[in-house]
Amino acid sequence: MTVTEELLQNAKSYSATFTKGDLAMPPARHVAIVVCMDARLNPYGIFGLTEGDAHVIRNAGGVVTDDVIRSLTISQRLLGTEEIILVHHFDCGMRTFQDDEFLNQITSDTGVRPAWIPRSFTDSVADVRDSITRLQNTPFLPIRSAIRGFVYQDKTGQLQEVTTD
């Protein structure tokens, strides 16, 4: 059995006991969380969330890309979120390569250079600061005063807050 088949079996079990079908579309906690896609980070566990509580937007590094800004804009303007939490982590794979080298490798392998930028970084704290500033400066978010950033300690499970001061 493939992992996908195993997960589909789990989905059948989940749906058999599903009782949350009446949840409202807007998140109950009015918060959006941007977090790295690393499988070791569980934003629901970290923040004590359940289905319907928050928008959770995941990508490599938890970086603020144009698509993250698009999602957050929809989240705020159409679905009522008021706060944004950013979460990077110290043991992140985005710290292990350089954008140009990676893009050159893809171009060499495929003959096509991606239109997107990986947005790798060397310092998780500095990138959270950059991400906060990027969100504070975008004109598309109506609420930019409630943005907080954190770096997750992979070894302890603790969050370290990052400020722009």
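Student: What is the right way to read the nonpolar core from this model?
Tutor: Side chains that are nonpolar tend, in soluble globular proteins, to be buried together. Ranked by internal contacts, the top residues of the largest apolar core, which has 17 residues, are L72, I84, L86 and L135. Residue assignment for this core shows that the elements contributing at least two residues are β1 (31-36), α3 (66-79), β3 (83-89), α5 (124-137) and β4 (147-152). Apart from the residues lying within four places of it in its own chain, the contact partners of L86 are V34, V64, V128, S131, I132, L135, I147, R148, G149 and F150. Of all hydrophobic cores here, the second largest spans 15 residues; its members include I33, V35, A54 and F121.

Student: Explain the pairing of β1 here, please?
Tutor: Looking along a regular strand, one sees side chains alternate from face to face of the sheet. Within β1, six of the six residues are buried, which leaves it mostly tucked inside the rest of the structure. Two strands pair when backbone bridges link them, and β1 and strand β2 (residues 54-59) are joined in this way by six bridges, in the parallel orientation. Across the sheet, the residue bridging to C36 is N59, located in β2. As paired elements, β1 and β3 share five bridges and run parallel to each other.

Student: What am I meant to see in the packing of aromatic side chains here?
Tutor: Two measures describe an aromatic ring pair: the distance that separates the ring centres and the angle between the ring planes. Taken as a whole and assessed by the stated rule, the structure comprises two aromatic pairs. Ring geometry for Y14 versus F18: centroids 5.5 Å apart, planes at 55°, classification tilted. Residue classification places Y14 among the partly exposed residues on the basis of a relative accessible area of 41%. A ring pair is formed by F97 and F102, whose centres lie 5.1 Å apart and whose planes are at 50°; its orientation type is tilted. F97 gets classed as partly exposed once you look at its relative accessible area, which sits at 22%. For F102, a relative accessible area of 29% gives the class partly exposed.

What counts as what
- Residues numbered from 1 in each chain as written.
- Predicted model: local features only at pLDDT ≥ 70, side-chain atom pairs only at ≥ 80, totals over all residues.
- Heavy atoms only, no water.
- Core = buried A, V, L, I, M, F, W, Y, C linked by side-chain atoms within 4.5 Å.
- Buried < 20%, exposed > 50% of the residue type's maximum accessible area, 1.4 Å probe, protein only.
- Helix = DSSP H or I, 4+ residues; strand = E, 2+ residues; numbered from the N terminus.
- Contact = heavy atoms within 4.5 Å.
- Pairing = 2+ DSSP bridges.
- Phe/Tyr/Trp six-rings, centres within 6.5 Å; stacked < 30°, edge-to-face > 60°.

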